[in-house]
Amino acid sequence: MFDTIIRGGTVLDGTGRPGFTADVGVTAGRITAVDDLSAAQARRTIDASGKVVTPGFIDIHRHADAAAFRPGYGELELRQGLTTIVNGNCGLSAAPFGGAHDAAIRAYLRPITGDIPETLPAVSMAAYLAALRALPLHTGMLVGMGTLRAAAAGYELERLEDAHYRAIHRAMEQALADGALGVSLGLGYAPECFYSTQELIRALAPLTGGNIPITVHMREEGSAVDEAVEEMIAVARALRCPVHLSHLKAMGKRNWGKKIPAILRRLEQVRGEGLDISCDVYPYTAGSTQLLHIMPPDLLRGGTDEICRKLKDPAVRRALTERLRTATDFDNISLLVGWDNILMSSLTLPENRRYAGLSVQEIAEQRGQTPEECVFDLLAEERCAITMIDFIAAEEDIGAILQ
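Residues numbered from 1 in each chain as written. Predicted model: local features only at pLDDT ≥ 70, side-chain atom pairs only at ≥ 80, totals over all residues. Heavy atoms only, no water.

A.B. asks: Teacher, can you tell me more about the sheet that holds strand β13 (residues 286-290) here?
C.D. replies: One key point about sheets: their strands pair by backbone hydrogen bonds, in either a parallel or an antiparallel sense. The three strands lie next to each other as β13-β15-β14, forming an open sheet whose pairing is antiparallel. Both outer strands of the open sheet, β13 and β14 (342-346), are each paired with one neighbouring strand and no more. Taking the axes of each pair of neighbouring strands and ignoring which way they run, one obtains an average angle of 30° across the sheet. As paired strands, β13 and strand β15 (residues 387-391) are joined by five bridges and run antiparallel to one another. Pairing of T289 across the sheet is with M388, part of β15. (Pairing = 2+ DSSP bridges. Helix = DSSP H or I, 4+ residues; strand = E, 2+ residues; numbered from the N terminus. Axes fitted to C-alpha atoms, helices over the stretch in contact; angles between N-to-C directions.)

Here it is, written out as structure tokens:
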């Protein structure tokens, strides 16, 4: 007697073999038979004829660290077939942190993760994972190196001291012992953007020679994405551990169809040399992150208060405007894709929420400003807590990576 039999569906079992018609028997929450179960009985039967039956999908790249505690969380994921998710990506994990930099970390993470519940103060990875056990989804966590660095040294310090590295190493090892699945990097974000390659390798030193994966939002994803890939190949060589490139892409029309084919050949080459290096891609041409991410990395020095001060300074604004219009030494998204392809997707102040879903170009025209002035003002007003959707990638590149 099964608890449930799903009858007559086309089964795709995840092995890569073609779909086949079968019944699926479930007992005590586990699949216990995939066969012709026409003679078997069950307490519940589901007719799946004409439908596809698969194992639960795993989403390896989520930023639902705080959303996981909202009422009803998991319903939409389950409706999409997701039964397992992995949070804590891009160096921006909601655990572990606390102490002197608690408020700064919460403020910096808010546009990506949402508000971390105050019921989780000074949270350890163990406490965070324990709080997730009541969810209807299996939820894994990566420990974000950006969060660890900010907890050790804040967002102001560009060069770390020995004591900071020791604190990062202790916190990383404890988070992994508490159950984190791996380590994530966000080299496009503060404070990790301040690492040199050798400093990054030093920060990750406890992982040397092991099998704990490092996932990375690379330093560059536009015209210098190939250089960013080489940096991570160097990290993989130095540490002799698995490295996974998150959401691989080449932003900007000038790079479409050029950078990605060469990168894929390069990854195949180094895998042939024995490096464990892999990548993923999201299957759509738009990305989503903080609007602040369009700015040069040097603007990110000093934390939220200092960034907002600089965004209001007329001299800084003039220099920033020139850089956004001409510079190619960072992922200059506005130059790569244009202001009409950058949409503001969430704003916190009631008077600004009417702009959600509009492009920077459209908002600037409504406000009678240049796009640069518009972005500076809104970021300062919102204390940088604006997210964006930016149309940045090419279908042909996505197809090549998926293949």
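A.B. asks: Mind showing me how you'd approach helix α13 (residues 371-381) here?
C.D. replies: For α13, the buried fraction is high: eight of the 11 residues fall into the buried class. Every buried residue of α13 is listed here: P371, E372, C374, V375, F376, L378, L379 and A380. Those residues of α13 hidden inside the fold are in contact with α9 (303-312), α10 (314-326), β14 and α12 (360-367). R383 lies just past α13 and shows a positive phi near 50°. (Buried < 20%, exposed > 50% of the residue type's maximum accessible area, 1.4 Å probe, protein only. Contact = heavy atoms within 4.5 Å.)

A.B. asks: I tried to follow the side chain of E372 on my own but got confused; where do I start?
C.D. replies: Its place among the elements puts E372 in helix α13. Among the polar contacts made by the side chain of E372, one reaches the side chain of R325 at a distance of 3.1 Å. If we ignore the near neighbours within four places in the chain, the residues touching E372 are T321, L324, R325 and W339. (Polar contact = N/O pair within 3.5 Å; in protein donor to acceptor, adjacent residues only side chain to side chain.)

A.B. asks: So what exactly am I meant to see when it comes to unusual backbone geometry here?
C.D. replies: Most peptide bonds take the trans form, and the phi angle of most residues other than glycine is negative. Cis geometry marks the peptide bond from A95 to P96, where omega comes out at -5°. Its location among the elements puts P96 in the loop between β7 (82-87) and α2 (102-113). Omega for the peptide link from A190 to P191 comes to 0°, which places this bond in the cis form. With respect to the helices and strands, P191 occurs in the loop between β9 (182-186) and α6 (197-203). Although it is not a glycine, H247 sits at a positive phi angle of roughly 35°. Along the chain, H247 falls in the loop between β11 (243-245) and α8 (259-272).

A.B. asks: Looking at this structure, I do not really get the sheet that holds strand β10 (residues 214-217). What am I missing?
C.D. replies: Taken in spatial order, the seven strands line up as β6-β7-β8-β9-β10-β11-β12 in an open sheet, and their pairing is parallel. Of all the strands in the sheet, the pair left with one neighbour each is β6 (57-59) and β12 (277-279). Pairwise comparison of adjacent strand axes, ignoring direction, gives a mean angle of 25° for this sheet. Taken together, the three bridges between β11 and β12 define a ladder with parallel strand orientation. In the sheet register, L245 faces β12, and the bridge partner there is C279. Contacting β9, β10, β11 and β12, helix α7 (residues 225-239) crosses the sheet at an angle of about 165° to β11. In the packing of α8 onto the sheet, the strands contacted are β11 and β12, and the crossing angle to β12 comes to about 150°.

A.B. asks: Explain the environment of L324 to me, please; I cannot follow it from the model alone.
C.D. replies: Mapped onto the secondary structure, L324 falls in helix α10. Classification of L324 by relative accessible area gives buried; the value is 2%. When the C-alpha atoms of L324 and A190 are compared, they prove to be 19 Å apart, with 134 residues separating the residues in sequence. Contact partners of L324, with chain neighbours within four places excluded, come to I294, M295, P296, F330, N332, S334, L335, W339, E372 and F376.

A.B. asks: Can you walk me through the packing of aromatic side chains in this structure?
C.D. replies: In this description, an aromatic ring pair is defined by two values, namely the gap between the centres and the angle between the planes. Following the criterion strictly, the structure yields three aromatic pairs and no others. Both rings, one in F69 and one in Y128, keep their centres 5.6 Å apart while their planes meet at 80°; by these two values the pair is edge-to-face. In this pair, F69 is assigned in the loop between β6 and α1 (75-79) and Y128 in helix α3 (residues 125-131), connecting sequence segments 59 residues apart. Of the residues examined, Y128 reaches a relative accessible area of 1% and is grouped as buried. (Phe/Tyr/Trp six-rings, centres within 6.5 Å; stacked < 30°, edge-to-face > 60°.)

A.B. asks: How should I be thinking about the environment of T348 in this particular structure?
C.D. replies: Along the polypeptide, T348 turns up in the loop between β14 and α12. When the C-alpha positions of T348 and Q361 are compared, they lie 20 Å apart, and in sequence the two are 13 residues distant. When sequence neighbours within four positions are dropped, the list of residues in contact with T348 reads R353, E382 and A385. A polar atom in the side chain of T348 sits 2.4 Å from the side chain of E382.

A.B. asks: When you look at the nonpolar core in this model, what are you seeing that I'm missing?
C.D. replies: Side chains of a nonpolar character, in soluble globular proteins, are inclined to be buried together. The biggest cluster of nonpolar side chains holds 113 residues, and the ones touching the most others in it are L204, M295 and M344. For this core, the element with the highest residue contribution is α7, accounting for eight residues. Leave out the neighbours within four places in its chain, and M295 touches L311, L320, L324, F330, V375, F376 and L379. Counting residues in each nonpolar core, the second largest holds seven residues, with I6, V11, V26 and A48 among its members. (Core = buried A, V, L, I, M, F, W, Y, C linked by side-chain atoms within 4.5 Å.)

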